[in-house]
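# A structural walkthrough
Listed here are the chains, written in short residue letters.
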Amino acid sequence: MDPRVAFGGSPHSAGFLSPRSPMLGSRRAEAGKAGREPDSLQVVKLSRMLYPQPKVLIPSRKDVLVLTPWLAPIIWEGTFNIDILNEQFRLQNATIGLTVFAIKKYVVFLKLFLETAEKHFMVGHRVNYYVFTDRPADVPHVPLRGGRQMVVLEVPASARWQDVSMRRMEMISSFCEQRFLREVDFLVCADVDMRFRDHVGVEILSPLFGTLHPGFYGASREAFTYERRPQSQAHIPRDQGDFYYMGAFFGGSVSEVYRLTKACHQAMVADWANGIEAVWHDESHLNRYLLDHKPTKVLSPEYMWDEQLLGWPAVLRKLRYVAVPKNHRAIRNR
Amino acid sequence: MRCHRLAVGLGFCLLVGTALCALWVCVENWLPVSYIPYYLPCPEIFNMKLQYKGEKPFQPVAQSQYPQPKLLEQRRTELLTLTPWLAPIVSEGTFNPELLRHIYQPLNLTIGLTAFAVGKYTRFVKHFLESAERFFMHGYRVCYYIFTDDPTAIPRVPLAPGRLLSIIPIQRHSCWEEISTRRMETISQHIAERAHREVDYLFCVNVDMVFRNPWGPETLGDLVAAIHPRYYAVPRQQFPYERRHVSTAFVTDGEGDFYYGGAVFGGRVARVYEFTRGCHMAILADKANGIMATWQEESHLNRRFISHKPSKVLSPEYLWDDRKPQPAILKLIRFSTLDKDTNRLKS
């Protein structure tokens, strides 16, 4: 779209094509050519909405931190009005990609994962499920709502479950340029041995987000299970670290997820070359990356929970994305 | 003879053409094959640059020592720190200035600051600029844009390196309402003509104010608004919105988040352009209908911030009225009015 057309061809349009700060029209035109990017500059005008007034003197949550020291929101129930957010993202016609890996026996988790995603994940928005599997014939047929589709991507399996987990970074990064850039605005990368139990929506979307690990949200940084050996690329010293993020749920804009997965994969390659494997594999590298590149949103443990192991503490008003009980020994390496 | 030469010429061309084709095919086949299946562990080939114009990827943060954020702290009653649409509300204690400095300094940003000094308001410029030199975006490149009808009345204030002052002459209007409703138009024109090339972020503030404490990168965002100091504890029905239906700035009873002050707004320069242009169009529409909104530009600004929500909100620390006593919940006043005789100034 010619930016001069967008601005009515006024005499001021002469400067619009300067490279320093592309004006609205030119940026949209670029995005259309080179790939879809969630356009934070897009003008979205909200319709008239009625909702209670936010109160400056009354914090939405008094029991938890809702803003990181670098001013990224921490998403808890009660901090957001989903109607406003839904309208903001619908007006941008946002498409969300959800990647999930179902390698070897893990295909058994797909049915529940997809069925519950249909009920709770980004309802009302356009969604592409990207199912990576070595057994495409075993992918269940799950009826999908309008505006949602599933893409099955055949990939080879690794022998060790640790390698299956770590290869995900490589595969996601390569598919970012092959497909995701052109097809979706945001990517959410999730573990398959989970189910959605409550709303998981556009409140999570931002250029880069990580999720707090349910086992460490109350722990001090010395107790985080970061990789502590200096020989590894994922090394984090004991006096550093903001949070311990879980490798099972992260995401953001396609370009930021691409950078993250590519960086993590390259770090793992360097580790392999040095004969070392980080203590929690791709999760260790994710934590190193998010320490250096602060996420723009952090999801509370509502978005990553295991009720069997951890119960239901009062600080969690909702359990949104939860572990499915499984027999680790039976399912891994098969 | 001529036919013979023609034939030779054509033959020569044909030969050259064939030779070039052969050379081209050769070169193409000699270049290394670029396709490798995705599943082989060769990360080096996937180094396509995915940087869009104007977009800065997240730079790694140099490590600095700072305390761990406390997730489960029981908080005493304080200010709201997050709007319902997940925009941070910035106040002292919500951010770590050292950490933000580590994140923003390497980005080499230039911040613009506009202020209008028309008529008697030129007397505020010296104090305004001196305080900005002390507290506004310290350590960053800054462009001050002072719009005035009397460039000679603007004092020369010594500026730190990397900080520039531009004095931009504008036309003097007959009454002060006219002056203040022209600001949106002037700012948007200025962005289109100059500022979009010179700055990354732009703040637009009133000149009859001073900076009293640090104003740093915690304020940077796509579209930034500041809560008006007189209305932060007031229910929305009592906000001084424009309440006449005929105005484009009309806000109905059940609408409104916060009452924002017209004296401070800003953001990424492209967003500020879009915002000021939108306000200006709305003001023009009102003008055509012979109506001026209750609080001029501030009414239009508030209308627009309801339907185009800011991505970051500044607490009243960033826009204070010194005539009010400082409440306990505001720890640090950073930008506030100078007490003045407004009647005399507006004549």
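Quick notes on the rules
Residues numbered from 1 in each chain as written. Chains lettered and ligands numbered in written order. Predicted model: local features only at pLDDT ≥ 70, side-chain atom pairs only at ≥ 80, totals over all residues. Heavy atoms only, no water. Helix = DSSP H or I, 4+ residues; strand = E, 2+ residues; numbered from the N terminus. Buried < 20%, exposed > 50% of the residue type's maximum accessible area, 1.4 Å probe, protein only. Contact = heavy atoms within 4.5 Å. Areas by Shrake-Rupley, 256 points an atom, 1.4 Å probe, with all protein chains shown as cover. pLDDT = per-residue confidence, 0-100. Pairing = 2+ DSSP bridges. Polar contact = N/O pair within 3.5 Å; in protein donor to acceptor, adjacent residues only side chain to side chain. Phe/Tyr/Trp six-rings, centres within 6.5 Å; stacked < 30°, edge-to-face > 60°. Lys NZ or Arg CZ within 6 Å of the ring centre and 35° of its normal. UniProt positions renumbered as here; feature names shortened; annotations may be inferred.

For chain B, the helix and strand inventory stands at 8 helices and 10 strands. Scored against the burial criterion, the 347 residues of chain B give a buried share of 54%. By sequence separation, contacts in chain B at least 24 residues apart represent 76% of the contacts at least 6 residues apart. Carbon together with sulfur atoms contributes 58% to the accessible area of chain B, which is approximately 16700 Å² in total.

Before going further, it helps to spend a moment on the confidence of the model for chain B. Low pLDDT marks regions whose predicted coordinates should not be analysed in detail. Residues and elements named next belong to chain B. Across chain B, the average pLDDT comes to 86, with 84% of residues at or above 70. Note on residues 31-55: pLDDT under 50 across the span, and 44 contacts to partners over four residues away in sequence or across chains. The complex model carries a pTM of 0.84, and its ipTM stands at 0.87.

Turning our eyes to something else, we now look at the sheet that holds strand 9 (residues 297-299) of chain A. Residues and elements named next belong to chain A. In spatial order, the strands read 1-9-7-8-5-2-3-4; together these 8 strands make up an open sheet with mixed pairing. The open sheet is flanked by strand 1 (74-75) and strand 4 (148-154), the only strands paired with a single partner. Judged from the 5 bridges that link them, strand 2 (residues 95-102) and strand 5 (residues 186-190) form a sheet pairing that is parallel. Residue Ile 96 lies in a different strand from strand 5, and its bridge partner there is Phe 186.

So, about the side chain of B:Lys309. Tracing the chain through its elements places B:Lys309 in the loop between helix 7 (297-307) and strand 9 (312-314). Within the structure, B:Lys309 has its side chain in polar contact with the side chain of A:Tyr51 (distance 3.0 Å). Of note is the side chain of B:Lys309, whose polar atom sits 3.0 Å from the side chain of B:Asp257. Setting aside anything within four residues of it in sequence, one finds B:Lys309 in contact with A:Leu46, A:Tyr51, A:Ile84, A:Gln88, B:Trp85, B:Leu223 and B:Asp257.

Before going further, it helps to spend a moment on the environment of A:Gly218. Structurally, A:Gly218 is set in the loop between strand 7 (208-211) and strand 8 (249-253). Along the chain, A:Gly218 and A:Arg238 lie 20 residues apart, while their C-alpha atoms are 16 Å from each other.

So, on to the packing of aromatic side chains. With the rule as written, the count across this model stands at 40 aromatic pairs over all chains. Ring geometry for B:Phe136 versus B:Trp215: centroids 6.0 Å apart, planes at 50°, classification tilted. Of this pair, B:Phe136 sits in the loop between helix 3 (125-135) and strand 3 (141-148) while B:Trp215 is found in the loop between strand 6 (209-211) and strand 7 (223-227), placing the two residues 79 residues apart along the sequence. Take B:Phe136 and B:Trp215: they sit in the same class, and that class is buried. Here B:Phe239 and B:Tyr241 contribute two aromatic rings whose centre-to-centre distance is 5.5 Å and whose plane-to-plane angle is 90°, an arrangement assigned as edge-to-face. Taken individually, B:Phe239 and B:Tyr241 each receive the classification buried, so the pair is uniform in this respect. Above the plane of the ring of A:Tyr51 lies B:Arg236, whose end atom (NZ or CZ) is 5.7 Å from the centre. Over the ring of B:Trp85 we find B:Lys309; its NZ or CZ atom is 5.1 Å from the centre of that ring.

Next up on the list: the UniProt feature "binding site: an alpha-L-fucosyl-(1->2)-beta-D-galactosyl derivative" (unreviewed entry) in chain A. All names here are of chain A. The sites that carry the UniProt feature "binding site: an alpha-L-fucosyl-(1->2)-beta-D-galactosyl derivative" (unreviewed entry) are, in the present numbering, His 213, Thr 225, Glu 283 and Asp 306. Relative to the helices and strands, His 213 is located in the loop between strand 7 and strand 8. Once you skip the residues sitting within four places of it in the chain, His 213 turns out to touch Tyr 244, Tyr 245, Met 246 and Glu 283. For Asp 306, the location among the structural elements is in the loop between strand 9 and helix 8 (307-310). Accessibility expressed as a relative area gives 17% for Asp 306, which makes it buried. Here the side chain of Asp 306 touches Gln 308 through a polar contact of 3.1 Å, landing on its backbone nitrogen.

Let us now look at the UniProt feature "active site" (unreviewed entry) in chain A. Residue and element names in this part refer to chain A. Residues annotated in UniProt with the feature "active site" (unreviewed entry) correspond here to Glu 283. Among the structural elements, Glu 283 can be located in helix 7 (residues 282-292). Leaving out residues up to four positions away in the same chain, Glu 283 has contacts with His 213, Tyr 244, Tyr 245, Met 246 and Gly 247.

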